[in-house]
Amino acid sequence: MSVVQPLVGVLALQGDVREHAAMLERAGARVLPVRRARELSEVDGLVLPGGESTTMSRLLESFDLLEPLTERIEAGMPAFGSCAGMILLAKQALDGRPDQRQLGGLDIVVRRNAFGRQVDSFEEDLEFSGIDGPLHAVFIRAPWVEKVGDDVEVLARVPETPAAGAAAGRIVAVRQGQVLATAFHPELTGDERVHRLFVELVRDKR
Ligand code: GLN
């Protein structure tokens, strides 16, 4: 493994920024909170945290970050979105607000708040492609992925148990090239394996 410490940004407009920063540091990265285009231009990769995608979309516009961020993602900057971050990275979001903007790094269709009101929040152990052993996943008003394009790799699904109901088999983690996204929150569990995977990806890309 390379000892290079990449500089990974965490989009710091809203959401669980500190939790991601802590996990990235544990995974061997240096971390920069990103609120301005200049900061964005310095990082080797970017994490888009969980929070509220409609709010983050609005803040991206008012901080003049929407365009430079879309451009960097198009140019191949590694990005990792959790929950609201996944929604922002998707090409299309169902049940979003009409003025909600998409960054489009992932050729997927997501449904916001897909798991419904009763199961607002839940936890589940998942198999995650590229990670050994079960991964404990925390879902909070999470989206799921309804459709993936040909270039998208499915990394995790909700297990097909009777208790899972309509959620059984739903796609909850994907990767397309250097863009990674989870419907759940790996930053909240104390298990930094997903962040390690992302930091590795940023290292490879440098
Ligand atoms: N439901 C939120 C949204 O639409 C996402 C929730 C989360 O990030 N925990 O943005």
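Presented here is an overview of the structure given in this document. Note that the structure is a prediction, hence the values are computed from the model and not measured.

### Structural notes on the overall build of the chain
Part 1 of the reasoning: Within the chain, the secondary structure is distributed over six helices and twelve strands.
Part 2 of the reasoning: Taken over C-alpha atoms, the radius of gyration comes to 16 Å for the chain, in line with the 17 Å a tight globule of 206 residues would show.
Part 3 of the reasoning: Projecting the C-alpha coordinates of the chain onto the three principal axes gives extents of approximately 50 × 40 × 30 Å.
Part 4 of the reasoning: Taking as baseline every contact in the chain between residues at least 6 positions apart, the subset at least 24 positions apart corresponds to 65%.
Part 5 of the reasoning: Summed over all atoms, the accessible surface of the chain reaches about 9,600 Å², with 45% contributed by carbon and sulfur.
Part 6 of the reasoning: Both charge centroids of the chain, one from 24 positive and one from 31 negative side chains, sit 4 Å from each other.

### Overview of the environment of Glu71
Part 1 of the reasoning: Relative to the helices and strands, Glu71 is located in helix 4 (residues 66–74).
Part 2 of the reasoning: Look at Glu71 and you get partly exposed, because its relative accessible area is 49%.

### A word on the site of the ligand
Part 1 of the reasoning: Contacts to the ligand come from Gly50, Gly51, Glu52, Ser53, Cys83, Ala84, Ile87, Arg112, Asn113, Ile140, Arg141 and His185.
Part 2 of the reasoning: At 2.5 Å, a backbone N or O of Ser53 approaches an oxygen atom of the ligand.
Part 3 of the reasoning: At a separation of 2.6 Å, an oxygen atom of the ligand approaches a polar side-chain atom of Arg112.
Part 4 of the reasoning: About the coverage of the ligand: the protein hides 98% of its 300 Å² of free accessible area.
Part 5 of the reasoning: Here the shell around the ligand is built from residues that sort into four nonpolar, five polar and three charged.

### Details of the pairing of strand 2 (residues 30–34)
Part 1 of the reasoning: As paired elements, strand 1 (residues 7–11) and strand 2 share five bridges and run parallel to each other. Residue pairing in the sheet places Leu11 in a bridge with Val34 of strand 2.
Part 2 of the reasoning: Taken together, strand 1, helix 1 (residues 17–26) and strand 2 form a β-α-β motif whose crossover is right-handed.

### Here we look at the packing of helix 1 against helix 6 (residues 193–205)
Between two packed helices, what matters for the description is the angle formed by their axes and the separation of those axes.
Part 1 of the reasoning: The contact between helix 1 and helix 6 brings their axes to 9 Å, and the two run at 70°. Relative to helix 6, the element helix 1 lies roughly perpendicular. The element helix 1 and its partner helix 6 pack so that their crossing is right-handed. Contact with helix 1, carried on its side by His20, Met23, Leu24 and Arg26, involves His195, Arg196, Phe198 and Val199 of helix 6 and no other residues of that element.
Part 2 of the reasoning: In terms of residue class, the contact of helix 1 with helix 6 is built from four nonpolar, two polar and two charged.

Analysis parameters
What you see as residue numbers is a count from 1 along each chain, following the sequence as written. Reporting in this predicted model follows two pLDDT cut-offs: at least 70 for local features of residues, and 80 or more for side-chain atom pairs to be given and counted; totals over whole chains, interfaces and linings ignore these cut-offs and use all residues. By convention in this description, side-chain values take in all heavy atoms of the structure and omit both hydrogens and water. Secondary structure counts use DSSP, requiring at least four H or I residues in a row for a helix and at least two E residues in a row for a strand, with both numbered from the N terminus. C-alpha atoms define the radius of gyration in this analysis, and the globule rule sets the expected value at 2.2 Å times the number of residues to the power 0.38. The contact criterion used throughout is that any non-hydrogen atoms of two residues lie within 4.5 Å. Accessibility throughout is a Shrake-Rupley quantity obtained with a 1.4 Å probe, and a residue counts as covered only by protein chains that appear here. Counted as positive: Lys and Arg. Counted as negative: Asp and Glu, with His and the chain ends omitted from the count. To locate a charge, take atom NZ for lysine, CZ for arginine, CG for aspartate or CD for glutamate. Three labels apply to residues, based on accessible area from a 1.4 Å probe with only protein chains included: buried if under 20% of the type maximum, exposed if over 50%, partly exposed otherwise in between. Nearness of a residue to a molecule or strand requires only that one of the residue's heavy atoms be within 4 Å of it. The definition of a polar contact used here is a pair of N or O atoms within 3.5 Å, where within protein one atom must be able to donate a hydrogen and the other to accept one, and adjacent residues in sequence count solely through side-chain atom pairs. Side-chain classes are defined by residue name, with Ala, Val, Leu, Ile, Met, Phe, Trp, Tyr, Cys and Pro counting as nonpolar, Asp, Glu, Lys and Arg as charged, and the others, Gly among them, as polar. DSSP calls a pair of strands paired once it identifies at least 2 bridges connecting them. If the strands point away from the viewer and the path from the first strand over the helix to the second runs clockwise, then the crossover is right-handed. Angles here are taken between N-to-C directions and fall from 0 to 180 degrees, while the axes themselves are lines fitted to C-alpha atoms, restricted in helices to the stretch in contact. If an angle is under 35 degrees, it is roughly parallel; if it is over 145, roughly antiparallel; if it lies from 65 to 115, roughly perpendicular; otherwise it is oblique. Crossings are sorted by hand: turned counterclockwise from the far helix by less than a right angle, the near helix makes the crossing left-handed, and turned clockwise it makes it right-handed.

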